[in-house]
Amino acid sequence: GNSVTQMEGPVTLSEEAFLTINCTYTATGYPSLFWYVQYPGEGLQLLLKATKADDKGSNKGFEATYRKETTSFHLEKGSVQVSDSAVYFCALSYTDKLIFGTGTRLQVFP
Amino acid sequence: DTAVSQTPKYLVTQMGNDKSIKCEQNLGHDTMYWYKQDSKKFLKIMFSYNNKELIINETVPNRFSPKSPDKAHLNLHINSLELGDSAVYFCASSYSYEQYFGPGTRLTVT
């Protein structure tokens, strides 16, 4: 079946550190891939997306590349800020629905 | 100018009661969803409607009944509430692959 696996958190970093949150997927066909972010007490916001292999999604300094050969969509940011502290969800689209990973909490300290 | 709105934001009620959560989107999208997020932040789709028609029903107890009076609204009615229904419920809408989420309704059943 279709599924998304994310690294377990929390991920704890100091400000300006490099961030990687791993995401791998299992899917039939060629899904679109997404990263959503959930700030404390808020709903999910789309952070970035990629719709086909080798596409790179980017937004607010975050990047992720759709790697078909490794079925991965890892999220990276070169220099995190305290304001990036949130829960990050990797997701894939299958027919009309999104399948989410379990979420990874990121905590950034000054 | 809220794109996807939900009411109420918080709902505290006793076991056995019946309650409703309302969702409205002003994005002109045809498809709307209900998701449940448990205490561990795991997100799971419950229902999806396209232009007022149910298209996804993910093995949700029949105590949960969605209703879509028009394509801008998708309400969720829950009968005979149980302790395990305590969660955050998110409404979302979409056009194509991107989904836009509401702020969530935190339901606490005591």
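Residues numbered from 1 in each chain as written. Chains lettered and ligands numbered in written order. Predicted model: local features only at pLDDT ≥ 70, side-chain atom pairs only at ≥ 80, totals over all residues. Heavy atoms only, no water.

Engineer: Break down the overall build of chain B for me, with residues and values.
Structural biologist: The secondary structure content of chain B amounts to zero helices and 11 strands. In chain B, the succession of α and β elements from N to C terminus is β-β-β-β-β-β-β-β-β-β-β. Its C-alpha atoms give chain B a radius of gyration of 13 Å, within 12% of the compact-globule value 13 Å for 110 residues. Projected onto its principal axes, the C-alpha positions of chain B cover 35 × 25 × 25 Å. Relative to its full complement of 110 residues, chain B shows a buried share of 43%. Looking at chain B alone, contacts between residues at least 24 apart form 52% of all its contacts between residues at least 6 apart. For chain B, the computed accessible surface area is about 5700 Å², with 49% contributed by carbon and sulfur atoms. (Helix = DSSP H or I, 4+ residues; strand = E, 2+ residues; numbered from the N terminus. Rg over C-alpha atoms; globule rule 2.2 N^0.38 Å. Buried < 20%, exposed > 50% of the residue type's maximum accessible area, 1.4 Å probe, protein only. Contact = heavy atoms within 4.5 Å. Areas by Shrake-Rupley, 256 points an atom, 1.4 Å probe, with all protein chains shown as cover.)

Engineer: Go over the state of the cysteines, please, and point to the residues and values.
Structural biologist: The tally for this structure, following the rule as stated, stands at two disulfides over all chains. The disulfide that involves A:C23 links it to A:C90, with 1.9 Å between the sulfurs. In this structure, the disulfide formed by A:C23 and A:C90 twists by about -70 degrees around the S-S bond and is classed as left-handed. Placement of A:C23 in strand β4 (residues 23-26) and of A:C90 in strand β10 (residues 86-94) is noted, with a sequence separation of 67 residues between them. An identical accessibility class is assigned to A:C23 and A:C90; each is buried. Covalently, B:C23 is tied to B:C91 through a disulfide, its sulfur atoms 1.9 Å apart. Taking the sign of the torsion about the S-S bond as the criterion, the disulfide between B:C23 and B:C91, at about -75 degrees, is left-handed. Of this pair, B:C23 sits in strand β3 (residues 19-25) while B:C91 is found in strand β9 (residues 87-95), placing the two residues 68 residues apart along the sequence. (Disulfide = S-S within 2.5 Å.)

Engineer: Would you mind going over the sheet that holds strand β8 (residues 73-78) of chain B in detail, with residue names and values included?
Structural biologist: Residues and elements named next belong to chain B. Taking strand neighbours across the sheet as the criterion, the four strands line up as β1-β3-β8-β7 in an open arrangement whose pairing is antiparallel. The strands lining the two open edges of the sheet, one partner per strand, are β1 (4-7) and β7 (64-70). The average undirected angle you get between the axes of adjacent strands in this sheet is 20 degrees. Note that β3 and β8 share four bridges and pair antiparallel. Its bridge partner being in β8, I21 is matched across the sheet by L76. (Pairing = 2+ DSSP bridges. Axes fitted to C-alpha atoms, helices over the stretch in contact; angles between N-to-C directions.)

Engineer: Any chance you could break down the interface of chain B and chain A for me, citing the residues and the numbers?
Structural biologist: Listed by partner, the interface residues are 19 residues for chain B and 19 residues for chain A. In this assembly, chain B packs against chain A so that about 1600 Å² is buried in total across both faces, 58% of it on carbon and sulfur atoms. A salt bridge links B:E98 to A:K49; the shortest N-O distance between them is 2.3 Å. One can count three residue pairs in polar contact (both at pLDDT 80 or more) joining chain B with chain A. Residue classes in the side of chain B that touches chain A are distributed as 11 nonpolar, three polar and five charged. (Buried area = accessible area lost by both parts, 1.4 Å probe. Salt bridge = Lys/Arg side-chain N within 4 Å of Asp/Glu carboxyl O. Polar contact = N/O pair within 3.5 Å; in protein donor to acceptor, adjacent residues only side chain to side chain. Nonpolar A, V, L, I, M, F, W, Y, C, P; charged D, E, K, R; others polar.)

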